[in-house]
Amino acid sequence: MITQWYNGNGPSKGQGFRVALALACILMGEAFGARPGAAETCPTSLDRAIATVIETPQWERSQWGIVVAPLGDAPIYEHDAQTYRVPASNVKLLTTAAALVALGPDYQILTPIHRYGTAPTLTQLHISGRGDPSLTTADLQAFAQRLHSEGVREIQVLSVDDAPAHTHRPPTWEQADLNFYYGAAVNRVILNGNAFRVTLLPQGLGQPVQVVSEDLTALGQWQGQNLTTTVSDEGARVEIASTFGQPTLTLTGGLPVNGGSTSLEMAVLDPTAYFLDTFRLALNQAGITVGRTLVSDPPVDHIPQDYFTSPPLAALIERINQPSDNLGAEALLQQLGSVETATGILTALGVDPEGYRWVDGSGLSRQNLLSPAAVLQLLQAIGQHQYADVFRASLPLGGESGTLRNRFRNPALGVYAKTGTMTGISTLSGYLQPEGGEPWVFAVMLNGATSSVQAQRAAIDEVVGAIATWQTCQTDLP
């Protein structure tokens with residue numbers, strides 16, 4: 001599908017938009033779960049269409065915040081839009097927009113590599129961490145092979161500096177999140193997203209579940225207490241808990257004997273040690289021996305000979321927004337320096353700092369607070385910025401990519417939006433860009449929900465469906 005982004009002045013309301021409307025009327029029922037034929041008639045008002053969703057008994061104890069506006073224009077619908085909500089991963093809109101405006105889409109993170117000595121023996125190889133969230137084991141292996149091809153056979157000291165942020169997690173994150181990939185620590189020498197995969201395999205009936213991983217370096221940092229059992233119950237599952245302040249994971253529960261394996265993405269316990277140990281292994285496998293490994297101060301007045309280079313920022317923010325990558329968002333905030341610095345960038349962009357309370361880069365903290373009105377300001381401003389196309393392309397596209405791959409299955413409606421999910425919280429904010437139509441901006445935030453995540457998302461999708469129907473209905477048909 002080819003769509004076009006219009007900054008303020010879209011096409012006239014002509015044939016292309018009428019085609020889009022016809023498609024919407026045909027497909028809207030399938031796209032948003034409406035009754036067949038229900039969307040063929042335009043609603044009498046947008047207020048009433050949205051009210052039929054949010055004013056049902058299911059949501060009487062929940063709190064909705066909604067705002068809708070054409071790009072570059074005043075809101076046409078508001079529901080409690082000035083009130084703070086817990087935004088979950090909608091915070092990533094703030095982080096990625098601030099980084100894009102401040103750094104530009106071509107910005108790359110350069111990680112300096114310092115060599116001391118000459119082949120075949122280097123007295124020291126030092127990596128100065130810069131918080132690149134894209135580095136992988138494959139990058140380390142490729143560099144190790146390069147060193148070997150240049151005649152290096154020994155490195156006496158392999159070192160890194162990890163300043164100014166050393167194994168950082170925002171203090172307001174919940175402990176239960178810290179065991180898993182979405183709560184991984186952020187440091188300056190990030191490797192593999194500071195996460196690794198663990199596979200749980202059922203054994204014979206009554207035997208403990210087997211725990212395996214291809215990344216033995218990461219798994220070896222944890223001490224495991226395996227209290228699981230392989231059982232006949234098809235609904236059995238394994239629970240994982242950690243002991244506060246100790247490198248111990250306790251596994252309880254079980255897996256059904258005929259249920260197959262289960263995979264989990266776990267957080268690396270000590271990311272700096274993980275980087276050093278993994279790099280040492282890569283060098284050893286390439287035929288280079290390594291003496292000591294250590295964390296040291298960065299070199300003074302020494303020019304690096306090599307760099308690890310990240311993808312451009314345009315690709316990095318897509319890697320963050322599409323799958324909703326928490327570590328990538330926190331790493332990007334580090335590039336800006338602090339929440340305070342990023343707030344200043346957004347204020348200059350036109351976003352009122354009184355419209356939000358911002359405490360982390362990812363939205364994992366429940367102390368983040370954000371009003372739908374502030375989201376609207378942000379999306380309006382970045383949607384008319386010179387980097388508008390880059391920002392929109394970083395967002396999941398309904399029915400096609402990221403966290404919206406299985407939602408809004410009619411891509412012609414052009415739902416480009418960032419999701420957010422926590423217990424009792426679902427959010428969705430972004431753009432409606434139908435083929436041939438002008439973009440609209442929306443923010444939908446649901447807090448205090450007791451229904452399932454699936455029910456919350458379905459209700460939000462109905463709200464967006466009502467907005468999309470109303471949007472297309474604004475065109476005069478022949």
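Residues numbered from 1 in each chain as written. Predicted model: local features only at pLDDT ≥ 70, side-chain atom pairs only at ≥ 80, totals over all residues. Heavy atoms only, no water.

Undergrad: Which residues make up the sheet that holds strand 6 (residues 195-201), and what values go with them?
TA: If you trace the three strands from one edge of the open sheet to the other, you get 7-6-12, paired in antiparallel fashion. Either end of the sheet is taken by a strand with one partner, and the two such strands are strand 7 (210-212) and strand 12 (262-267). For this sheet the average axis-to-axis angle between neighbouring strands, irrespective of direction, equals 30 degrees. In this structure, strand 6 lies alongside strand 12, joined through six bridges in antiparallel fashion. (Pairing = 2+ DSSP bridges. Helix = DSSP H or I, 4+ residues; strand = E, 2+ residues; numbered from the N terminus. Axes fitted to C-alpha atoms, helices over the stretch in contact; angles between N-to-C directions.)

Undergrad: Quick one: what's the story with the packing of helix 7 (residues 313-321) against helix 8 (residues 326-336), residue by residue and with numbers?
TA: It is the contact of helix 7 with helix 8, at a shortest axis distance of 8 Å, that shows an interaxial angle of 140 degrees. What the angle tells us is that helix 7 and helix 8 run oblique. Across from Leu 313, Ile 317 and Ile 320 in helix 7, the residues of helix 8 making contact are Gly 328, Ala 329 and Leu 332. Residue classes in the contact of helix 7 with helix 8 are distributed as five nonpolar, one polar and no charged. (Parallel < 35°, antiparallel > 145°, perpendicular 65-115°, else oblique. Contact = heavy atoms within 4.5 Å. Nonpolar A, V, L, I, M, F, W, Y, C, P; charged D, E, K, R; others polar.)

Undergrad: Any chance you could break down the nonpolar core for me, citing the residues and the numbers?
TA: Counting residues in each nonpolar core, the largest one holds 46 residues, and the members touching the most others are Leu 346, Tyr 356, Trp 358, Leu 378, Phe 391 and Tyr 431. For this core, the secondary-structure elements that each account for two or more residues are strand 1 (63-70), helix 3 (91-103), helix 7, helix 8, helix 9 (339-349), helix 10 (372-383) and strand 19 (440-447). For this core, the leading source of residues is helix 10, giving eight residues. The next biggest cluster of nonpolar side chains, apart from the first, holds 39 residues, and it includes Phe 143, Val 152, Val 198 and Ile 288. (Core = buried A, V, L, I, M, F, W, Y, C linked by side-chain atoms within 4.5 Å. Buried < 20%, exposed > 50% of the residue type's maximum accessible area, 1.4 Å probe, protein only.)

Undergrad: Which residues make up the sheet that holds strand 14 (residues 306-309), and what values do they have?
TA: An order of 13-5-4-3-14 is seen for the five strands of this open sheet, with the pairing classed as mixed. What marks the edges here is a single partner per strand, and that holds for strand 13 (289-295) and strand 14. For this sheet, the mean inter-axis angle between neighbouring strands, taken without regard to orientation, is 20 degrees. The pairing of strand 3 (residues 110-118) with strand 4 (residues 121-128) spans six bridges and is antiparallel. Within strand 4, the position partnered with Tyr 116 by the bridge is Gln 124. In this fold helix 4 (residues 137-149) packs onto strand 3, strand 4, strand 5 (154-161) and strand 14, with an angle of close to 155 degrees to the strand it touches most, strand 14. Running at roughly 170 degrees to strand 13, helix 6 (residues 271-285) makes contact with strand 4, strand 5 and strand 13 of the sheet.

Undergrad: Help me get a handle on the packing of aromatic side chains, residues and values and all.
TA: Taken as a whole and assessed by the stated rule, the structure comprises seven aromatic pairs. A ring pair is formed by Phe 143 and Phe 279, whose centres lie 6.5 Å apart and whose planes are at 55 degrees; its orientation type is tilted. A residue pair is termed long-range when its members are at least 10 positions apart, and Phe 143 in helix 4 and Phe 279 in helix 6 qualify at 136 residues. Centroid distance Phe 275 to Phe 279: 6.1 Å. Interplanar angle 80 degrees. Geometry classified as edge-to-face. Within this pair, Phe 275 and its partner Phe 279 are both found in helix 6, separated by four residues, close to a single helical turn. In this structure Phe 279 comes out as buried when scored by relative accessible area, which is 1%. Feature note: the residues Phe 143, Phe 275, Phe 279 and Phe 308 constitute an aromatic cluster, connected by ring pairs. It is Arg 392 that lies over the ring of Tyr 416; its NZ or CZ is 4.5 Å from the centre. (Phe/Tyr/Trp six-rings, centres within 6.5 Å; stacked < 30°, edge-to-face > 60°. Lys NZ or Arg CZ within 6 Å of the ring centre and 35° of its normal.)

Undergrad: Let's hear about the packing of helix 3 against helix 9: which residues, and what values?
TA: At a minimum axis separation of 9 Å, helix 3 and helix 9 run at an interaxial angle of 75 degrees. Relative to helix 9, helix 3 is oriented roughly perpendicular. Each of Leu 94, Ala 97, Ala 98, Val 101 and Ala 102 in helix 3 lies in contact with helix 9, whose residues at this interface are Ala 342, Ile 345, Leu 346 and Leu 349. Counted by class, the contact of helix 3 with helix 9 contains nine nonpolar, no polar and no charged residues.

Undergrad: An account of helix 6 is requested, with residue identities and associated values reported.
TA: Compared with the 21 Å implied by 1.5 Å per residue over 15 residues, the 21 Å span of helix 6 between its first and last C-alpha is a close match. Structurally, helix 6 contributes buried residues whose contacts are with strand 4, helix 4, strand 5, helix 5 (216-219) and strand 13. Once helix 6 finishes, Gly 287 follows within two positions and takes phi at roughly 95 degrees, a positive value. (Expected span 1.5 Å × (residues − 1).)

Undergrad: So what about the pattern of salt bridges? Which residues, and what values?
TA: Taken as a whole and assessed by the stated rule, the structure comprises nine salt bridges. For the salt bridge of Asp 306 with Arg 115, the shortest nitrogen-to-oxygen distance reads 2.9 Å. Note that Asp 306 is positioned in strand 14 and Arg 115 in strand 3, a separation of 191 residues in sequence. Both residues of the pair, Asp 306 and Arg 115, belong to the buried class. Across the pair Glu 239 and Arg 237 runs a salt bridge whose closest N-O atoms are separated by 3.3 Å. (Salt bridge = Lys/Arg side-chain N within 4 Å of Asp/Glu carboxyl O.)

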